[in-house]
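Here are the chains, one letter per residue:
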Amino acid sequence: MGEFIMNILEALFGGGKTTVAQQIAYLQMDLLKDIWETLYSTVLATLFAYVIGLPLGVILVAGERDGVRPLPRPLMQALNIIVNLLRSIPFLILMILVIPLSRVLLGTSVGTVASIIPLVAAAFPFVARLVEGSLRESDRGVLEAAQAMGCTPAQIIFKVMLPEALPSLITGFTTAFITILSYGAMSAAIGGGGLGSLAINNGYQRRMTFILYVAVILLVILVQIFQSLGGWLSARLDRRINRAAKKTRRPRPEKTGIH
Amino acid sequence: MIELKHISKVFPTADGDLHALTDVTLTVNDGDVYGIVGMSGAGKSTLVRCINLLERPTGGQVLIDGADLCAMGEKELIRTRRSISMIFQQFNLLMQRTCLKNITFPMEIAGVKGEAARKRALELLDVVGLPDKADAYPAQLSGGQKQRIAIARALASNPKILLCDEATSALDPKTTRDILRLIKDINRRLGITVVVITHEMAVVEEICTHVAILDHGHVMETGTVEEVFSNPKTEAGRRLVYPDRVVIDQLPAANVIRIAFNGGSSYEPLIASLAIDCGVKVNILGADTRNIDGRAFGTMLLGLPADPAEAAKAVAYIKSQPDVTMEEVRDYHG
């Protein structure tokens, strides 16, 4: 039985310099490490992207002329320009542009940890826009009510805007996480590790077709898991859904891609 | 006491300035239920938002117990706002918080600690008649229930003033009556001054003690509800009080008077007794009466007989009646 399957796999993916059996042996050695590297670089990059992007998104909404805490217009314009600028640079080029920054911050520009820097640089403006979008959905009437009750601008932001937008923020977080996951795969180009590197360096460049497919399928499975998890959590925490009445959740438009 | 002095509000728009309010002066005394009525676009919502400075007036003063809100710094304004509550047409509850947490919200921002706030919120749930909804989320409630929670939330900060911005306009007639009754009850029991913004005269009739009629950003007339309803002095007032009234121009009579009933028992015996006691037959050209607190208010347009002697008899008789005032309709042209 096992031999039969191996024969089929050899017929499908063999023919290169390495047999499927050799590729499987290679995967047994490295696959867990690659999955781990993909996960931790994605998690860390998402975390740092939110550390910068979340406050920035809040400022983009609250600092507007009719926002809860208007900020000087030149400052708002500058922030918008920075966000748009970073979002308009293709990721592959951005990775090269931030090499000096990685050297300064980490002492190296190569490796999985170093790949986090360009990921954060590309993702935080995207995160800021996602957060901005979520907060803009908030009901102006509720903000007005909070203002009428004598909330300070900080109280409106932390006790009204952010908690009320929580389900939408989680949906945005899921989108950001998945986007960063897929961009992380590209960081193999600057020596980052993980499933992307497995697919590009081994699967593609060394013609280990079986490994290429395994890496891609694993990425797809990871994306599915996180998307489902995020969707479930967002719906679970959304108190606007009247569970007793079994109303279906209204679909949210999905935003994709950093650019 | 709320004193609005010469309030104006101008919104700059692409097509020039929009004068939402012009020289609005009003006084609302403590304990009043003050109605501000007008058609859509009359500036009512802008006006009520000027009272707590959600809208900053372009000119004029907003005095709450003598203190000018427009002159306050941010901190002082925020402190003052905590004594002025507001409820809205769309309720504006926090959808991600339970009802209890919605009611504790104003206390939370004012620094009232957990258990005390919780206890007060539970009391307020009782006051608004929803003691079992503490852990429900607003999405699980009907419109009327949401407004009750909003009222409980409004009361949480022990306000001196409650502003109601079209608070019943999204509700069905029965729920509207229940909510109005609750507001009236709160006014009586807690002595909270209430300002009611509405386009429905029925709301004013139901709960207000005083009323101001707003038209195109101007206050047309003010007074007690009895005064304004029984005898509106301006065209805007008449349009609101008698929306279906007969247009005078179309009436086929030579000598027209308008009589107003100021709370007598009923209008019908007057016309009947006029015929029986004086032998004068008058023509009822139009009538609009309503029942406020069990008393009759309203006006009636009467066409008098062409004979001046008979007409004078009728006028003298009507003038002798208690609770009835009379005026000639001079703008009549047959």
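Bear in mind that the values here come from a model prediction, so they are computed numbers and not experimental data.

Criteria and thresholds
- Residues numbered from 1 in each chain as written.
- Chains lettered and ligands numbered in written order.
- Predicted model: local features only at pLDDT ≥ 70, side-chain atom pairs only at ≥ 80, totals over all residues.
- Helix = DSSP H or I, 4+ residues; strand = E, 2+ residues; numbered from the N terminus.
- Buried ≥ 20, exposed ≤ 12 C-beta atoms within 10 Å, placed from the backbone.
- Contact = placed C-beta atoms within 7 Å.
- Axes fitted to C-alpha atoms, helices over the stretch in contact; angles between N-to-C directions.
- Parallel < 35°, antiparallel > 145°, perpendicular 65-115°, else oblique.
- Nonpolar A, V, L, I, M, F, W, Y, C, P; charged D, E, K, R; others polar.
- Domains from an automatic or database assignment.
- Pairing = 2+ DSSP bridges.
- Right-handed = clockwise from strand over helix to strand, strands pointing away.
- pLDDT = per-residue confidence, 0-100.
- Expected span 1.5 Å × (residues − 1).

Colleague: What is the right way to look at the overall build of chain A in this model?
Modeller: When you go through chain A residue by residue, the secondary structure sums to 11 helices and zero strands. Going from the N terminus to the C terminus, chain A shows its helices and strands as α-α-α-α-α-α-α-α-α-α-α. Overall size of chain A, expressed as C-alpha extent along the three principal axes, is 75 × 55 × 25 Å. Among the 259 residues that make up chain A, the fraction classed as buried is 41%. Pairs at least 24 residues apart make up 71% of the contacts formed inside chain A by residues separated by at least 6 positions.

Colleague: Explain the overall build of chain B here, please?
Modeller: Across its full length, chain B carries 11 helices and 14 strands. Each principal axis of the C-alpha atoms in chain B carries an extent, and together these give about 80 × 50 × 35 Å. Counting across all 334 residues of chain B, residues that qualify as buried make up 41%.

Colleague: Just checking my understanding: could you explain the packing of helix α9 (residues 166–186) of chain A against helix α11 (residues 209–237) of chain A for this structure?
Modeller: How two helices pack is summed up by the angle between their axes together with the distance between the axes. All names here are of chain A. At a minimum axis separation of 8 Å, α9 and α11 run at an interaxial angle of 170°. One element, α9, and the other, α11, form an angle in the roughly antiparallel class. Between α9 and α11, the contacting residues are Leu 166, Pro 167, Ile 170, Thr 171, Phe 173, Thr 174, Phe 177, Ile 178, Leu 181 and Ala 185 on the first element and Leu 219, Leu 222, Val 223, Phe 226, Gln 227, Gly 230, Gly 231, Leu 233, Ser 234 and Leu 237 on the second. Residue composition of the contact of α9 with α11, by class: 14 nonpolar, six polar and no charged.

Colleague: For this particular structure, what's the right way to read the domain arrangement of chain B?
Modeller: Interface size is commonly expressed as the accessible surface area that is lost when the partners come together. Residues and elements named next belong to chain B. Each assigned domain of chain B is listed here: domain 1 (2–236) and domain 2 (256–328). Relative placement of domain 1 and domain 2: their C-alpha centres are 39 Å apart. Opposite the six residues of domain 1 that make contact, domain 2 presents eight residues.

Colleague: Honestly, the interface of chain A and chain B in this entry has me stumped. Any pointers?
Modeller: Contacts between chain A and chain B engage 21 residues on the former and 18 residues on the latter. Within the residue set of the side of chain A that touches chain B, elements represented by two or more residues are α7 (140–148) and α8 (153–164) of chain A. Take the side of chain A that touches chain B: its biggest share by element is six residues, from α7(A). By residue class, the composition of the side of chain A that touches chain B is 10 nonpolar, six polar and five charged.

Colleague: Honestly, the pairing of strand β7 (residues 161–165) of chain B in this entry has me stumped. Any pointers?
Modeller: Sheet faces and side chains relate simply in a regular strand, where the side chains alternate between the two faces. Residues and elements named next belong to chain B. Where burial is concerned, most of β7 is hidden: five out of the five residues are buried. Neither face of β7 is exposed, since Ile 161, Leu 163 and Asp 165 on one face and Leu 162 and Cys 164 on the opposite face are all buried. When strand β6 (residues 84–88) meets β7, the two strands line up parallel, connected through five bridges. Paired with Ser 85 across the two strands is Leu 162, which belongs to β7. As paired strands, β7 and strand β8 (residues 193–198) are joined by five bridges and run parallel to one another. Paired with Asp 165 across the strands is Ile 197, a residue of β8. For the crossover from β7 across helix α6 (residues 173–190) to β8, the handedness is right-handed.

Colleague: So what exactly am I meant to see when it comes to the environment of Ile59(A) here?
Modeller: All names here are of chain A. By secondary structure assignment, the location of Ile 59 is in helix α2 (residues 20–62). For Ile 59, a count of 20 C-beta atoms within 10 Å translates into the label buried. Put simply, Ile 59 and Ile 200 are 141 residues apart on the chain and 39 Å apart in space, counted from C-alpha to C-alpha. If sequence neighbours within four positions are ignored, Ile 59 has contacts with Leu 71 and Leu 79.

Colleague: Can you walk me through the confidence of the model for chain B in this structure?
Modeller: A low pLDDT score tells you not to read the predicted coordinates there in detail. Summary statistics for chain B give a mean pLDDT of 88 and a share of 93% for residues scoring 70 or more. Our summary of model confidence lists the complex with pTM equal to 0.79 and ipTM equal to 0.81.

Colleague: Just checking my understanding: could you explain the sheet that holds β8(B) for this structure?
Modeller: Residue and element names in this part refer to chain B. Taken together, the six strands give an open sheet; going across it, the order is β6-β7-β8-β3-β9-β10, and neighbouring strands pair in mixed fashion. Both edges of this open sheet fall to β6 and β10 (218–224), since each of them pairs with a single strand only. Shown here is a sheet whose adjacent strand axes are inclined to one another by a mean of 15°, direction ignored.

Colleague: Explanation requested: unusual backbone geometry in the structure shown.
Modeller: Comment: phi is negative for the bulk of residues other than glycine, and the bulk of peptide bonds are trans. All names here are of chain B. For Asn 158, which is not glycine, the phi dihedral falls at a positive 50°. Mapping Asn 158 onto the fold places it in the loop between α5 (143–155) and β7. Here the phi dihedral of Glu 166 falls at roughly 50°; this positive angle occurs in a residue that is not glycine. Inspection of the secondary structure assignment puts Glu 166 in the loop between β7 and α6. Taking the number of C-beta atoms within 10 Å as the measure of exposure, Glu 166 has 19 and is therefore partly exposed.

Colleague: Teacher, can you tell me more about the sheet that holds strand β5 (residues 67–68) of chain B here?
Modeller: The pairing of strands in a sheet comes from backbone hydrogen bonds and takes either a parallel or an antiparallel form. Residue and element names in this part refer to chain B. Read across the open sheet, the four strands follow the order β2-β1-β4-β5; overall the sheet is antiparallel. The open sheet has two edge strands, β2 (16–28) and β5, and neither has a second partner. Bridging between strand β1 (residues 2–13) and β2 involves nine bridges; their strand directions are antiparallel. From the neighbouring strand, Thr 13 faces β2, where its bridge partner is Gly 16.

Colleague: Whenever I open this one, α5(B) confuses me. Can you help?
Modeller: Each α-helix winds once per 3.6 residues, and so residues spaced three or four apart point in a common direction. All names here are of chain B. Relative to the 18 Å expected for 13 residues at 1.5 Å per residue, α5 spans 18 Å between its end C-alpha atoms, a close match to the ideal helical length. Burial of α5 is extensive: 10 of the 13 residues sit out of reach of the surface. Taken together, the buried positions of α5 are Lys 146, Gln 147, Arg 148, Ile 149, Ala 150, Ile 151, Ala 152, Arg 153, Ala 154 and Leu 155. In this fold, the buried residues of α5 make contact with β6, α3 (99–109), α4 (114–127), β7 and α6.

Colleague: Which parts of the structure should I look at to understand the confidence of the model for chain A?
Modeller: Residue and element names in this part refer to chain A. Chain-level pLDDT for chain A is 87 on average; 92% of the residues reach the 70-or-more range. Here helix α1 (residues 2–13) stands out as the least confident element of chain A, with mean pLDDT 80; α8 is the most confident, with 96. Within the model, the stretch residues 244–249 combines pLDDT values under 50 with five contacts to residues more than four positions away or in other chains.

Colleague: What is the right way to look at the environment of Arg118(B) in this model?
Modeller: All names here are of chain B. Looking at where Arg 118 falls in the secondary structure, it is placed in helix α4. Judged by the 17 C-beta atoms lying within 10 Å of it, Arg 118 is partly exposed. Sequence separation between Arg 118 and Ile 103 is 15 residues, and the spatial gap between their C-alpha atoms is 8.6 Å.

Colleague: What's the story with the pairing of strand β13 (residues 295–304) of chain B in this structure? I'm lost.
Modeller: All names here are of chain B. Counting buried positions along β13 yields eight of 10 residues, so the element is predominantly enclosed. Where strand β11 (residues 255–262) lies against β13, eight bridges are found, and the strand directions are antiparallel. Opposite Arg 258, over in β13, you have Leu 301 as the bridge partner. Both strand β12 (residues 283–292) and β13 contribute to a ladder of nine bridges, which runs antiparallel. Each residue of the ladder has a partner; that of Asn 291, found in β13, is Ala 296.

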